[in-house]
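Fold and geometry: a report
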Amino acid sequence: QQQVKQSPQSLIVQKGGISIINCAYENTAFDYFPWYQQFPGKGPALLIAIRPDVSEKKEGRFTISFNKSAKQFSLHIMDSQPGDSATYFCAASRIQGAQKLVFGQGTRLTINP
Amino acid sequence: ETGVTQTPRHLVMGMTNKKSLKCEQHLGHNAMYWYKQSAKKPLELMFVYNFKEQTENNSVPSRFSPECPNSSHLFLHLHTLQPEDSALYLCASSKEREAYNEQFFGPGTRLTVL
């Protein structure tokens, strides 16, 4: 019940296209869903996060869509750029208390110029 | 840079060696974390420290021994490791240990156990 399943493992998108990465969770108590971005040789960095009181959150070209009934959330990258090429991790946790983040397996995104 | 530094960046050690990884954060945070990152696997939380006190040990083998002398420094002492312990070890910090606090990661130490 603690797992977060992420797909696909790798994704290739043409420059200007839309990149979509999906995550699914089991624990209905989860109420905090961040996405982290990791470039080679660097640690992960928080990209965007959502709480389940909204179904969508947008920051620039990055959007999280959240479906509470399906226990799924996804990251959409609009107008994908070569600089977006990185590994993306979804995660989930409970806000209340000192709960740890549960991470997905990661998606290696490549944007072809 | 994120404000979290890790040394060394690369480490090769034999199974009988003893080595230590160092992490330092310059962000004034109170919580620090060790994670293990292996290929095609989720980030694995190893240890959490909050105000220098260990608050989580995620069933980590005793050959990994953490130390947090103050809120700015975190060490991971390594002893009698196995080849399967080869991975990227990431340190992170956050203002508080609750999950909604953004975690700031260092660049990691790439560990190879021969």
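So, here is what we can say about the structure in this document. (Residues numbered from 1 in each chain as written. Chains lettered and ligands numbered in written order. Predicted model: local features only at pLDDT ≥ 70, side-chain atom pairs only at ≥ 80, totals over all residues. Heavy atoms only, no water.)

Here's the deal with the interface of chain A and chain B
Counting residues at the interface gives 22 residues for chain A and 22 residues for chain B. Across the interface of chain A and chain B, roughly 1800 Å² is buried in total on both sides, 57% from carbon and sulfur atoms. Counting across the chain A and chain B interface gives one salt bridge. Between Lys-100 of chain A and Glu-56 of chain B there is a salt bridge, with its nearest N and O atoms 3.6 Å apart. If you look at where chain A meets chain B, you find five residue pairs in polar contact (both at pLDDT 80 or more). Along the lines of polarity and charge, the residues of the side of chain A that touches chain B split into nine nonpolar, nine polar and four charged. (Contact = heavy atoms within 4.5 Å. Buried area = accessible area lost by both parts, 1.4 Å probe. Salt bridge = Lys/Arg side-chain N within 4 Å of Asp/Glu carboxyl O. Polar contact = N/O pair within 3.5 Å; in protein donor to acceptor, adjacent residues only side chain to side chain. Nonpolar A, V, L, I, M, F, W, Y, C, P; charged D, E, K, R; others polar.)

So, the state of the cysteines
Summed over the entire model, instances satisfying the criterion amount to two disulfides over all chains. The disulfide partner of Cys-23 of chain A is Cys-90 of chain A, and the S-S distance across this bridge is 1.9 Å. Between Cys-23 of chain A and Cys-90 of chain A the sulfur-sulfur dihedral comes to about -95 degrees; the bridge is accordingly left-handed. On the criterion of sequence distance, the pair formed by Cys-23 of chain A in strand β3 (residues 19-25) and Cys-90 of chain A in strand β9 (residues 86-92) is long-range, its members being 67 residues apart. The exposure classification of Cys-23 of chain A matches that of Cys-90 of chain A, with both residues buried. A disulfide-free cysteine, Cys-68 of chain B has its sulfur positioned 9.0 Å from the sulfur of Cys-91 of chain B, the nearest such atom. Note on Cys-68 of chain B: relative accessible area 11%, which makes it buried. (Disulfide = S-S within 2.5 Å. Helix = DSSP H or I, 4+ residues; strand = E, 2+ residues; numbered from the N terminus. Buried < 20%, exposed > 50% of the residue type's maximum accessible area, 1.4 Å probe, protein only.)

A word on the sheet that holds strand β6 (residues 56-59) of chain A
Residue and element names in this part refer to chain A. Reading across the sheet, the five strands line up as β1-β3-β8-β7-β6 and stay open at both edges, with antiparallel pairing between neighbours. Either end of the sheet is taken by a strand with one partner, and the two such strands are β1 (4-7) and β6. Averaged over all pairs of adjacent strands, the angle between their axes in this sheet comes to 15 degrees, without regard to strand direction. Bridge count between β1 and β3: four bridges; the pairing is antiparallel. What sits directly across from Lys-5, in β3, is Ala-24. (Pairing = 2+ DSSP bridges. Axes fitted to C-alpha atoms, helices over the stretch in contact; angles between N-to-C directions.)

Digging into unusual backbone geometry
The general pattern is negative phi for most residues beyond glycine and trans for most peptide bonds. A cis amide bond links Ser-7 of chain A with the next residue in sequence, Pro-8 of chain A, at an omega value of -5 degrees. Examined against the element boundaries, Pro-8 of chain A turns out to sit in the loop between β1 and β2 (10-14). In this model, Thr-7 of chain B is joined to Pro-8 of chain B through a cis peptide bond whose omega is -10 degrees. Here Pro-8 of chain B shows up in the loop between β1 (4-7) and β2 (10-13). Although it is not a glycine, Lys-71 of chain A adopts a positive phi angle of roughly 55 degrees. Mapped onto the elements, Lys-71 of chain A comes out in the loop between β7 (62-67) and β8 (72-77). In this model, Lys-52 of chain B sits at a positive phi of 70 degrees, which is unusual for a non-glycine residue. Mapped onto the elements of the fold, Lys-52 of chain B is located in the loop between β5 (44-50) and β6 (53-57).

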